[in-house]
Every structure is written in structure tokens, then in C-alpha cells.
Amino acid sequence: MNPVSEVVLAYSGGLDTSVCIPLLRERYGFNRVVTVLVDVGQPRSDIERGNLRAKQLADEHYAIDAREEFVRDYLFPLIKANGSYEGYVLGTAIARPLIAAKAVEVAMKKGIDTLAHGCTGRGNDQLRFEAVFRCTSCRVIAPMRDLDLAREWEIEYAREHGIDVPVTKERPWSIDENLWSRSIEGGRLEDPFFEPPEEIYGWTKSPDASRPAQVVEIGFERGVPVSLDGVRMGGIDLIARLNQMGGEHGVGRTDMVEDRVLGLKARENYEHPAATILLTAHEDLEHLVLSRAELRFKAIVDDAWSELAYMGLVEDPLYADLNSFVDKSQERVNGSVRMKLYAGCAIPVGRQSPDALYSQEMVSFDSQTLSQRDAEGFAKYHGFQARLLRRRCS
Ligand code: ARG
């Protein structure tokens, strides 16, 4: 008899990873497929459907609730680093390394030496999963990429294997959702000139200027959001609440062309009300408390952080180096920001901090604290070299 060959599959419950289960048996000869579905805040119904499907299709299934860890170890660092890649709030990108790490944990625990994912060879996710998978000595398998399958073929194969298919011709969108964002891709959206129909949106209402504005006060400690309107709450609740509030006002829709790591440009549509509100508020508070030099330098760090996060390179030592800098910079990012939600926008309308570098007394039009005349010497030197040059040339 053949020895038992086992594989751990990072499983989402969607078409691709569902099709992977029978494929791993039939095309790769594994006798046991172990699936791991990680909860990073996708809708309950998706998780339940995924768990049910996995139980029917796989030999063993793990459902792991990683929401706390996702918020604490991935989203809070993202907020502190003002994470954004070309204007994308990194929702899918930041979740992938955690999902991969959970699959690795199961493999280690079970002594299984092969890991699989259902990503295609076109996108970023294959890179993000494998950057983590390949930190182990495990063999890595990517059936979707290996077999170069067309969607039509997959749908047919799924039907033959009793997998009820979640996509239909009328609703052809491919959706990825977690606590931080929802992405919508595929179908006619692949034409970047095609305006998205309202039906693609699931978290946000259409921005409506006749809807009265709402102001929410967000409290931060060391760069991390800790309260809404003075009420302390955990990160999961706080983000879910802001998604709901912001969604009512149509906040946080993005329609963009994004440069994937491989170089392909992709048209992407996202919804992320809480991310928009929190990132805008956080950056606003930084402008109250950090020095000009810190702000300029941190923008460079934030950019480097965001690029690593986009690429899924959280195991690169630079990622930890940058996080150390960011954490140090956040010691004074305490206080609160009042955010106005209105007609698709989230606008800072007030900020306060015990650590503000702001002096109303000195900056005020009415102030006598500083003598204006002291600035004259400074002004004489300002632009000095340009004047020298002008004199030379004339
Ligand atoms: N463009 C997004 C990213 O690379 C992915 C959007 C979700 N799509 C997906 N196939 N996972 O992060």
C-alpha cells in the first residue's frame, strides 16, 4: 500500500480553492487533503458556507478565528504606518501572510510537509502565500497556476464533483472580503473604462448629499484607535462599527488601476469605509503631534512599509526594522480627531492631543508672545542662493 501522502490547503470556500480539493487527489495523488479556513472578518455566511463545503470535500478541516490577531498584529501596524499602496488600503494584501501562517501552523502540528494554495499565476496572492510558505522546508503546490485552468472548465469540474458553484453568469464578480476591505473584480469591470454598476457595492450606500452629515470622534493611543465618541472598544468592534457608519455615507469607495507586483496593471474596485476614516484621522493627528522632520521622514518609511506589505514581504527583516521606527514615532500619537462623514467623504474637522506640538499662543494673529521683528534676520537669508545666482547672471 502507498504511504499516506497529505497536503494542507489554505482554503477560502470559493470556487478556486474548492476545486483544488479534488484536484489535489486526482491530479497530484494525495490521499488526504487537510483544509484551513482562516476567519479574518469575512461575512459569517461565507465562513459558514466554507466550513460546510470543506467538511464535505476535505478529509480534515480546521476553522481558525484569527480576527484578534489580524487586528492587533496586522491592521494596527498598518494604521500606524498609514498603509497605502497607490491609494489602495491593502485589505487583501495584509491578510494573506496571516492566512498563510495559519496553514503553516497546521502543517507543523500535523507533521505534514506539503502546502497548497489556490492562487492563479497572474496575481499578487501567489507571491504573498509563498513568501510565507517557503520560509519552511515544505513543498509548495499551486494547482490553479500549474494546471492553467480556465474558469469555464473549473465550473464544469466543480459541478461534476458536487460542489455548488457560487458564481453565475449574471453576477460574475469575484469578491474578496475581510474586516479591512472588500474588493470587487472581474466581468465587465476588467474594462477600465466601464463605470461600475451600483450593484457591485455591498458595504457602502451611494454617496448622497441630501443625507445629513455625521461627526464621529476617534480616540488614539500610541497611534492605535481605541475609542469612538469617548467609548472605549476593541479593534474588531471599532472597525466594524466604522464600516457600518461610513458605509451609510458612501465613504471609502475606490476605483483604480493598480500595478501588480508582476507588472500587470489591473482595474480594481474596493470598499473600505473604516480604513478611509481611520487612516485619514490617524494621519491628521500625526500632523498635530510629530515634528516637521519626523513627518517628512516618516512619509518615506510609510511608503517603504506599504510596498513590502503589498508584496507580502512581512518576513523580510526590513519589515520589522520599519515597524520599530514606526512604533517609536507613535509614542506621542495620542489624542482624538473629529471626523465628518458626508456625501462619500470623511473629513477631519477637529483634533486635540496632550502631546500637540501646536501652540495657539504663538501662532495666533492676536499673539504678542513672539516678536515678529525677530523673523527679519531669518527672512534675509531665506532664498539667499537664488539671489546670488541671479546677481551673477545679470
Ligand atoms: N488587487 C488586490 C491585491 O493585490 C487584490 C484584490 C483581491 N483579489 C484577489 N484575487 N485576491 O491586494
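Residues numbered from 1 in each chain as written. Predicted model: local features only at pLDDT ≥ 70, side-chain atom pairs only at ≥ 80, totals over all residues. Heavy atoms only, no water.

### A word on the environment of leucine 242
Heads up, the condition is: Under the DSSP-based scheme used, a helix requires at least four consecutive residues in state H or I and a strand at least two consecutive residues in state E, with every element numbered from the N terminus. Whether two residues are in contact is decided by their heavy atoms: any pair within 4.5 Å suffices.
Tracing the backbone shows leucine 242 in helix H8 (residues 235-248). Here the alpha-carbon distance between leucine 242 and alanine 275, two residues 33 residues apart in the chain, equals 8.4 Å. When sequence neighbours within four positions are dropped, the list of residues in contact with leucine 242 reads Val216, Ile218, Leu228, Gly247, Pro273, Ala274, Ile277 and Leu278.

### A short note on unusual backbone geometry
For asparagine 82, which is not glycine, the phi dihedral falls at a positive 45°. Topologically, asparagine 82 is positioned in the loop between helix H3 (67-80) and helix H4 (91-110). Unusually for a residue other than glycine, aspartate 229 sits at a positive phi of about 50°. Examined against the element boundaries, aspartate 229 turns out to sit in the loop between strand S9 (224-228) and strand S10 (231-232).

### Observations concerning the layout of surface pockets
Rolling a probe over the atoms, with the probe sized like a water molecule, indicates the empty space that remains. For clarity, the threshold we go by: With a 1 Å grid spanning the protein atoms alone, the term cavity applies to any set of points in which a 1.4 Å probe fits but cannot get out, the term pocket to an open set with protein on both sides within 12 Å along at least five of seven lines, and the term lining residue to any residue with an atom within 4 Å of a point. Grid points are joined across faces, edges and corners, and a volume is the space filled by probe spheres set on the points. Put simply, Ala, Val, Leu, Ile, Met, Phe, Trp, Tyr, Cys and Pro go in the nonpolar bin, Asp, Glu, Lys and Arg in the charged bin, and everything else, Gly too, in the polar bin.
Empty space within the second largest pocket amounts to approximately 270 Å³. Every residue lining the second largest pocket is counted, 18 residues in all, and those nearest its centre are Gly41, Leu179, Trp203, Ala240 and Asn243. When its residues are assigned to classes, the lining of the second largest pocket shows five nonpolar, seven polar and six charged.

### A closer look at the side chain of threonine 254
Convention followed: Nitrogen and oxygen atoms within 3.5 Å of one another constitute a polar contact, given that in protein one can donate a hydrogen and the other can accept it, and given that sequence-neighbouring residues count only through two side-chain atoms.
For threonine 254, the location among the structural elements is in strand S11 (residues 253-259). Side chain to side chain, threonine 254 and histidine 272 meet in a polar contact 2.6 Å long. With sequence-adjacent residues up to four places away left out, threonine 254 is seen in contact with Gly87, Glu268, Asn269, Tyr270 and His272.

Any functional reading would require information that these geometric values do not contain.
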